[in-house]
Amino acid sequence: MTFRFSAHYVDPLFSLGHLQTSLPGLNTQIEQALRNIDSTLSPPFSTDAIRNAVTTLRDQASGYQGDKAADALRAVLLKKVMLGLYAKSLDLFLDEASAAQEDSEWWSEVEQSNLSAALYLLQTFPHRILKVLRVLKIDRRVLQTSTLHLPRIRNIFLSENPWQPSVFMTTLFPHLAAGSPTSIRSNLTGAFRVDARRTASTYLQFLRDTLCRYISRLTIIVTYPLRLVREECNIKRRENERIRNERAEVLGKLLGLRPKLTWWLDAPNVEEDVLANREFLLEFAGTVDPTASNRTLENGLSSLLEELYDAIFVAQVERHSSYLNSNDLRRPSRLTLLWPRLLFLPPLTLYSLKLLYASRASLMDMAQDAFETSKNFLEDWLLQPLYGVYRTIRAGGDEAMIVRPESIAADLDSLERMSLALAREKLGYDQQQLVTLSQQIRLGDFTPLLKIFEEDIKSPIKSAFAGTLLRTLFLQVQKAKVDIDQALAGIDKLLKSQELTFAFVGVAPAFAVVYTVGGSLNRLLFGRRGRAKYGGKRKKQSVWLAVRRIERLLLFQPKSHINHGDEGRPSDVIPPLTSGLLVLSLTHLRKYALTSLPARSQLREGFLEDVRDLEDPSLGRWEKLRVLDRMWKNWASELGWHQMAGESTP
């Protein structure tokens, strides 16, 4: 699995029929010499192999003239060299544009936050001081009193023009030398200005205005270095964006040369048909090296390819690197970014260890309390409720919760015996009538006994001493007890039917606490990247931003500051700058698909097909916009693009 753009855009051209080297009738010595070159010219092309091939073909250009088989094989090798130069040019300018894009995004992040700007100032402070010392030429000779020139040092720290920055300030902040705003005095002018139209009516108001002015001056003085740092980051961001656009435009022009390259590779003999090949070769040379406009084919194709190699992989690389270094446009090195941590982390670690060792007794108590709390929580609120759920499922709800069935049966039997005895003595029921009354009592019908009670209450005093009033009262008390037991039995059945629900409700809070704490510990220890779906939230958000950037590029094509001939292009034709910037975003989409989407899945294959359609130079602007619409319809829901719009970048 490769992330090279040329592997997907250029390598398929290597299988063309005119790039095969199986030619019969070739001299053995010539064949061996050229086969050694051919064995190294295959994707992925290496710069050393291209350099060796160009040098060998140039040196042996006149050694095999007249041999048609050797000329044919040499023509094939020249095509492969040209294909390798084209592929490596694409990768080179794409890498430079991508690096400039990443650096511009880094400078933009620093510029947007005062905290990031302050941290960047601290990280680069030693480097700035070193540059000041170089300006002052601090060495052993300067430390001598006889060679210490105070007026010269004063001129370094103070400027003759109060509205211009001094040498000291331009050394600390080089962007001030380019005419960027300046001096702290100019920034303090507004703060020191006193409004003459405003009169202090009272002494208290005058003191308040004076205090406000001094606070404003102090704020400007304190935040002035941060302001300069943010200006520096802004300038470097814009310069990286300019470099990105320049490299992207060259990349777009190279992409437009692919049809001509395909035709050139299909040509039978690239050295004989000079007039037909002149346009493509000179256009390619002018694209990769605009500084040299007088290249010709008078010295042969091998010499031109050697010049192109030097222009691309030597001059261009050195020019690009030297420009970045001279203007300090790259991000600071890892050591520069990490030195505050490397400096302060060891003493802070030692101090923390010392503090922990001094408080070891209290820490042990806290650890023991935490252990006991966790143990009690697990046993009382998690394990025991879970065991109760298990017992409930296993027992099936046979065990009573409020009143047992035996107690209800005993009370009902007692009520029945009391009722039958009263009916036998008072009403004189025979056995058949007693059986019928027993059935009525089981059904809750006490009508005959209630009639006895009704007769007794007509003369309550007499019935209380000589009648059955007390027995009927106790009978009704027993009946009320039976009714209460039966009501409790009904409630018991209701609770038993929901016993499993109550058990899960009791253990649910413990599960919630365990889930929350476990998830937090998991994210703290292992992070979220490896376990997140489709690369995680950060990667999916970067893909959403890339797709949005592609749509914006197609709708509002940026104007080139180098080429002003884009105005005459048809509206459907994509200019080189837009095409190059599209490739930057499409490379990010391809890398995401190859690294984060499931392998051998329809999601990944479909996503890569859409990326290839957007890379296709034969499709116009409107066709690619329709491809983007298809991507939004197919992948927005699956990759969560609809939820990304309202979220900030983490």
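Source: prediction; values computed, not measured.

### Let's talk about helix 24 (residues 621-639)
Phase 1 of the analysis: Along its 19 residues, helix 24 runs 25 Å from first to last C-alpha, staying within 8% of the 27 Å computed at 1.5 Å per residue.
Phase 2 of the analysis: At lysine 633, helix 24 shows its maximal kink, close to 35°.
Phase 3 of the analysis: Taken residue by residue, helix 24 has Arg621, Lys624, Leu625, Val627, Leu628, Met631, Trp635, Ala636 and Leu639 as its buried positions.
Phase 4 of the analysis: Trailing helix 24 by a residue or two, glycine 640 shows a phi angle of about 75°, which is positive.

### Remarks on the packing of aromatic side chains
Phase 1 of the analysis: For the structure on display, the rule yields eight aromatic pairs.
Phase 2 of the analysis: Their ring planes at 50° and their centres at 5.0 Å tell us that tyrosine 309 and phenylalanine 313 sit as a pair that is tilted. With tyrosine 309 and phenylalanine 313 both in helix 12 (residues 301-327) and four residues apart, this pair spans about one turn of that helix.
Phase 3 of the analysis: In this structure tyrosine 309 comes out as buried when scored by relative accessible area, which is 9%.
Phase 4 of the analysis: Members of the aromatic cluster, joined through ring pairs, are Trp106, Trp107 and Tyr120.
Phase 5 of the analysis: Residue placement shows arginine 360 over the ring face of tyrosine 357; its charged tip is 4.2 Å from the ring centre.
Phase 6 of the analysis: Directly above the ring of tryptophan 622 sits arginine 621, whose terminal nitrogen or CZ lies 4.7 Å from the centroid.

### Let's talk about the pattern of salt bridges
Phase 1 of the analysis: Overall, the coordinates contain 21 salt bridges when judged by the stated rule.
Phase 2 of the analysis: Among the salt bridges present, the one from arginine 51 reaches aspartate 310, with a minimum N-O distance of 3.0 Å. One end of the pair, arginine 51, is in helix 3 (residues 47-59); the other, aspartate 310, is in helix 12, and 259 residues separate them in sequence.
Phase 3 of the analysis: Of the charged contacts in the structure, one is a salt bridge between glutamate 102 and arginine 331, with a shortest N-O distance of 3.8 Å. On the criterion of sequence distance, the pair formed by glutamate 102 in helix 4 (residues 68-112) and arginine 331 in the loop between helix 12 and helix 13 (334-358) is long-range, its members being 229 residues apart.

### Regarding the nonpolar core
Phase 1 of the analysis: Core analysis: the biggest nonpolar cluster contains 80 residues, and Leu589 and Phe607 have the highest contact counts within it.
Phase 2 of the analysis: With 13 residues, helix 4 is the largest single contributor of residues to this core.
Phase 3 of the analysis: Among the nonpolar cores identified, the runner-up in size contains 16 residues, and Val110, Ala117, Leu121 and Leu176 belong to it.

Rules of the game
- Residues numbered from 1 in each chain as written.
- Predicted model: local features only at pLDDT ≥ 70, side-chain atom pairs only at ≥ 80, totals over all residues.
- Heavy atoms only, no water.
- Helix = DSSP H or I, 4+ residues; strand = E, 2+ residues; numbered from the N terminus.
- Expected span 1.5 Å × (residues − 1).
- Bend = angle between axes of the 7 residues up to and from the residue.
- Buried < 20%, exposed > 50% of the residue type's maximum accessible area, 1.4 Å probe, protein only.
- Phe/Tyr/Trp six-rings, centres within 6.5 Å; stacked < 30°, edge-to-face > 60°.
- Lys NZ or Arg CZ within 6 Å of the ring centre and 35° of its normal.
- Salt bridge = Lys/Arg side-chain N within 4 Å of Asp/Glu carboxyl O.
- Core = buried A, V, L, I, M, F, W, Y, C linked by side-chain atoms within 4.5 Å.

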